[in-house]
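Residue-level listing of the chains:
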Amino acid sequence: MEVTPGNTEAVEAWDGVLFDRFTQYRKVMVEGLGAHGNEGLRLLDPAPGERVIDLGCGFGDTTQQIAALVGPEGEAFGVDASERFIETATREAREAGLTNCGFAVADIQAEVPGEGFDAAFSRMGTMFFANPAVAMRNVRQAIRPGGRLCMVVWRAKTENPYFYRAEEIAGRWLTHSDETDEPTCGPGPFSMSNADTTSGILKSAGFERISLTRCDKPILLGSTMDEAVGMVTSIGPAGELIRINEEKGAEVRPEIEAAIRDEFEDRSDDEGVWGEASTWLVCARVPDA
């Protein structure tokens, strides 16, 4: 796989520590993000027989959803820069007996494998490029004239308080530092939270009829308080802050976890611990030929 130099560190993170953390909290992450992803798929509305590329497909659960929607005459094709995610997605699709579902390892800022897709979808998979305009231009070139795009991205961090407050709490003990051996995930999950910025990226990439629809749906952070606290201190801004501080992060982690536990106490019920979540459902079209 060709990796754009600016994305090397992000690919290392996603193929390493972030794959491990997402695997540990997979059930929570997939179910939590699933409600927002389902709204994005509803807007994209893949039709039987269509070919759809799934950008940043991760474990491939969305790719399998798309495969069911396009049916045996269609194709769902998942791409991700992490070999470990693609290995998992490929194995699970094979075990599920899917014959219209394929995967490839790719940094789409360097190249999108395949062409002539009817549509492209992404659930939280397009926010980590060093140069998103180049990546989205590659995506546009891989979609047929008149084809569609729908991507689900986070809105502002302050609109997602379980992320925001956890990072604020971790910041009582830790600061961001460039002096770390730990890889980071690139621009970060909120790089497309500004509507004007995201619209500008897509416009410069050659898309038209761009729209952003706000989606507010709570997500389950964990079935228990321990799982919820573990998740937000492992994944997301607070988790990265703890990780890049290495020894210092590990030393103060128990204090951070205790403070977050207090913060989340009033968000728990019999089903688990809940957090407000707000995303953009970003839709666009490739100009007709």
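Described in the following lines is the structure provided in the data block.

Thresholds applied
- Residues numbered from 1 in each chain as written.
- Predicted model: local features only at pLDDT ≥ 70, side-chain atom pairs only at ≥ 80, totals over all residues.
- Heavy atoms only, no water.
- Helix = DSSP H or I, 4+ residues; strand = E, 2+ residues; numbered from the N terminus.
- Contact = heavy atoms within 4.5 Å.
- Buried < 20%, exposed > 50% of the residue type's maximum accessible area, 1.4 Å probe, protein only.
- Bend = angle between axes of the 7 residues up to and from the residue.
- Phe/Tyr/Trp six-rings, centres within 6.5 Å; stacked < 30°, edge-to-face > 60°.
- Lys NZ or Arg CZ within 6 Å of the ring centre and 35° of its normal.
- 1 Å grid on protein atoms, 1.4 Å probe; cavity = no way out; pocket = protein on both sides within 12 Å on 5 of 7 lines; lining within 4 Å.
- Points joined across faces, edges and corners; volume = space filled by probe spheres on them.
- Nonpolar A, V, L, I, M, F, W, Y, C, P; charged D, E, K, R; others polar.

Before going further, it helps to spend a moment on the environment of Ile66. Among the structural elements, Ile66 can be located in helix α4 (residues 61–70). Sequence-distant contacts of Ile66, defined by excluding residues within four places in its chain, comprise Leu41, Val52, Asp54, Ala76 and Phe121.

Let's shift gears to the side chain of Ser234. Relative to the elements of secondary structure, Ser234 occurs in the loop between α9 (225–232) and α10 (237–244). Judged by its relative accessible area of 6%, Ser234 is buried. Setting aside residues up to four positions removed in sequence, Ser234 forms contacts with Arg21, Tyr25, Gly239 and Arg253.

Before going further, it helps to spend a moment on helix α11 (residues 246–264). At Val252, α11 shows its largest bend, some 50 degrees, and a proline, Pro254, comes one to four positions later. Gly249, Val252, Arg253, Ile256, Ala259, Ile260 and Phe264 are the residues of α11 that are buried. Packing partners of the buried residues in α11 comprise α7 (161–170), β7 (219–222), α9, α10, β8 (268–269) and β9 (272–275).

This paragraph deals with the packing of aromatic side chains. Scanning all chains against the criterion turns up 10 aromatic pairs. When the centroid spacing of 6.3 Å and the interplanar angle of 50 degrees are considered together, the rings of Phe19 and Phe59 count as tilted. One end of the pair, Phe19, is in helix α2 (residues 17–24); the other, Phe59, is in the loop between β1 (51–55) and α4, and 40 residues separate them in sequence. Given the relative accessible area of 10%, Phe19 is considered buried. Exposure remark for Phe59: the relative accessible area of 7% places this residue in the buried category. Ring plane angle 85 degrees and centroid distance 5.3 Å describe the contact between Trp154 and Phe163, whose orientation is recorded as edge-to-face. Classification of Trp154 by relative accessible area gives buried; the value is 5%. By relative accessible area, which is 6% here, Phe163 ends up buried. Through successive ring pairs, a cluster of aromatic residues spans Trp154, Tyr162, Phe163 and Phe190. Against the face of Phe117 rests Arg51, its NZ or CZ located 4.4 Å from the ring centre. We note Arg155 situated over the ring of Trp280; from NZ or CZ to the ring centre the distance is 4.6 Å.

Non-glycine residue Met124 carries a positive phi angle of around 60 degrees. Along the polypeptide, Met124 turns up in the loop between β4 (117–123) and α6 (132–142). At Arg209, a residue that is not glycine, the phi angle is positive and equals roughly 50 degrees. Within the secondary structure, Arg209 sits in strand β6 (residues 208–216).

Here we come to empty space enclosed by the protein. Counted under the stated rule, the structure contains 1 cavity of 30 Å³ or more. Looking at the largest cavity, its volume works out to about 30 Å³. Taken together, Val28, Met29, Gly32, Leu33, Tyr162, Ile219 and Met231 make up the full set of residues lining the largest cavity. For the lining of the largest cavity, the class distribution of residues is 6 nonpolar, 1 polar and no charged.

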